Amino acid sequence: MAKQPGTTGSAPEGGPEPASDGATGAALRGGTEAVPEDGADAVPGDETELDAATEGEPQAALQRAAAHHAPEELRDLRVLKALAQPRRQQMLQHLTVHGPATSATLARDLGLNTGATSYHLRELARYGFVEETGGAGHGRERWWRAVPGDRRFPPRSRQNAETRLVMDELNHLSYAADLELFEQLQRDGGPELGEWADAFPYSRGTIRLTLPELREFFEEYIALLNRYKRPDAETPADARTVLTRLLAFPAPELPDEPAHPDATDATDAPATPDPTEPEATP
């Protein structure tokens, strides 16, 4: 899943998949444009043009979520396609990890040209994923930041074939980016990390849950993250951005097999030796 500020992951079936948590911001509106050359890679069927009658619909939904701090399910396939574009995922990750940046900064750090980054920023802003910071810039510089929001994807059981294709691409990009970041920190993190060198808590576990319990588990995880969220003005000076990820899924089931002997009822008769089995010689 995609890496906006907040938590990403898949909710159990019956609940939406969250894309990120927090308040969703208003989107900036813009007209249709040609995609710059090195920003042309896209998910299958990527179309971000909106006509005048429908252009405001995705933004209005995101703005309502911002007003109520409530989860917003992203059902519009156009929004999902816009988010699943590889360059945009890179830019969102950069803004999330490193904070606000200009299109020129993103172009330099990601190896793109400023035409491509400017275009993708406008597309992300159209759907409320980024916004201008409004801070003081130099000349005509425009600074952008990622907008946090509890944006959720429809559960897999309600995804049609086209939506599932886009979601699979989005998840693939997200998982790959997460693994690359984690391995980079493990590989390159040296003395400069200081006391943060030990800041890599990691847990693998197995629990037996019903589907309703798994949904509750997931929502409690989201609530726990929200407990630690606070405005920048209240964040201690020595705090750092910490990336959190939750991945939970049902274990694959094996084909039907004979029960383990320990599970056999004590009243069962002893098993008859298999005549084809060789006997041990004393």
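Our subject is the structure listed above.
Numbers given for residues are sequential positions, taken from 1 along each chain in its written order. In keeping with the model being predicted, local features are shown solely for residues with a pLDDT of at least 70 and side-chain atom pairs are shown and tallied solely at 80 or more, while totals for entire chains, interfaces and linings include all residues. Neither water nor hydrogens contribute to the side-chain values; these are computed over all heavy atoms in the structure.

Novice: Would you explain the overall build of the protein chain in this entry?
Specialist: Secondary structure elements follow DSSP: runs of H or I of four or more residues count as helices, runs of E of two or more count as strands, with numbering from the N terminus. Per the secondary structure count, the protein chain includes seven helices and six strands. Walking the protein chain from its N terminus toward its C terminus, one meets helices and strands in the order β-α-β-α-α-β-α-α-β-β-β-α-α. Working definition: with a 1.4 Å probe on protein chains only, accessible area under 20% of the residue-type maximum means buried, over 50% means exposed, and in between means partly exposed. Among the 282 residues that make up the protein chain, the fraction classed as buried is 35%. For the protein chain, contacts bridging at least 24 residues in sequence account for 73% of all contacts bridging at least 6. Contact criterion: two residues are considered in contact whenever any of their non-hydrogen atoms come within 4.5 Å of each other.

Novice: Explanation requested: helix H4 (residues 103–110) in the structure shown.
Specialist: In an α-helix, one turn spans 3.6 residues; hence positions three or four apart end up facing the same way. Taken residue by residue, H4 has Ser103, Thr105, Leu106 and Ala107 as its buried positions. Buried positions along H4 lie against helix H3 (86–98), strand S3 (101–102), helix H5 (114–126) and strand S5 (143–146). Directly beyond the C-terminal end of H4, a positive phi value near 70 degrees is found at Gly111.

Novice: Looking at this structure, how should I read the nonpolar core?
Specialist: A general tendency of soluble globular proteins is for nonpolar side chains to be buried together. By nonpolar core is meant a set of buried Ala, Val, Leu, Ile, Met, Phe, Trp, Tyr and Cys residues that side-chain atoms within 4.5 Å join together. Membership of the largest hydrophobic core comes to 24 residues, with the highest contact counts inside it found for Leu92, Leu95, Leu121, Phe129, Val130 and Phe153. Put simply, the parts of the chain that give this core at least two residues each are helix H2 (77–83), H3, H5, S5 and helix H6 (161–188). Leave out the neighbours within four places in its chain, and Leu95 touches Pro100, Ala101, Leu106, Leu121, Val130, Trp144, Arg145 and Ala146.

Novice: Would you mind showing me how to read H6 here?
Specialist: Expected span of a helix, by definition, is 1.5 Å for each gap between consecutive residues, and there is one gap fewer than residues. An ideal rise of 1.5 Å per residue puts 40 Å on 28 residues; H6 measures up with 40 Å between its terminal C-alpha atoms. For H6, every residue scored as buried is listed here: Thr163, Val166, Met167, Leu170, Asn171, Leu173, Ser174, Ala177, Asp178 and Leu181. Where H6 begins, one side-chain oxygen reaches toward the backbone nitrogen of Glu162, 3.2 Å away; that side chain belongs to Asn160. Polar contact is defined as a pair of N or O atoms within 3.5 Å, subject to the rule that within protein one atom must be able to donate a hydrogen and the other to accept it, and that residues adjacent in sequence are counted only when both atoms are side-chain atoms.

Novice: I would appreciate a short explanation of a nonpolar patch on the surface in the present structure.
Specialist: On the surface, Tyr175, Leu247 and Phe249 cluster together to form a nonpolar patch covering roughly 370 Å² of accessible area. Topologically, Phe249 is positioned in the segment after helix H7 (211–227). Accessibility expressed as a relative area gives 60% for Phe249, which makes it exposed. Nonpolar side chains (Val, Leu, Ile, Met, Phe, Trp, Tyr) within 5 Å and like charges within 9 Å form the patches, drawn only from residues with over 30% relative accessible area and no salt bridge. In this description, accessible areas are obtained by the Shrake-Rupley approach with a 1.4 Å probe, and a residue is regarded as covered only by the protein chains that are shown. Each reported salt bridge corresponds to a side-chain nitrogen of Lys or Arg within 4 Å of a carboxyl oxygen of Asp or Glu.

Novice: Looking at this model, I keep getting lost on the packing of aromatic side chains. Mind explaining?
Specialist: The description of an aromatic ring pair uses the distance of the two centres, along with the angle that the planes make with each other. Here the aromatic set is Phe, Tyr and Trp, taking the six-membered ring for Trp, and pairing holds for ring centres within 6.5 Å; pairs whose planes are under 30 degrees apart are stacked, those over 60 apart are edge-to-face, and all others are tilted. If you walk through the whole model with that rule in mind, you get one aromatic pair. Ring centres of Phe182 and Phe200 lie 6.1 Å apart, and the angle between their planes is 80 degrees; on these two criteria the pair is classed as edge-to-face. Of the two residues, Phe182 sits in helix H6 while Phe200 sits in the loop between H6 and H7, which places them 18 residues apart along the sequence. Taking the relative accessible area as the measure of exposure, Phe182 reaches 41% and is therefore partly exposed. Our definition puts a charge over a ring when NZ of Lys or CZ of Arg is within 6 Å of the ring centre and also within 35 degrees of the ring normal. The cationic tip of Arg240 hangs over the ring face of Trp196; the distance from NZ or CZ to the ring centre is 5.4 Å.

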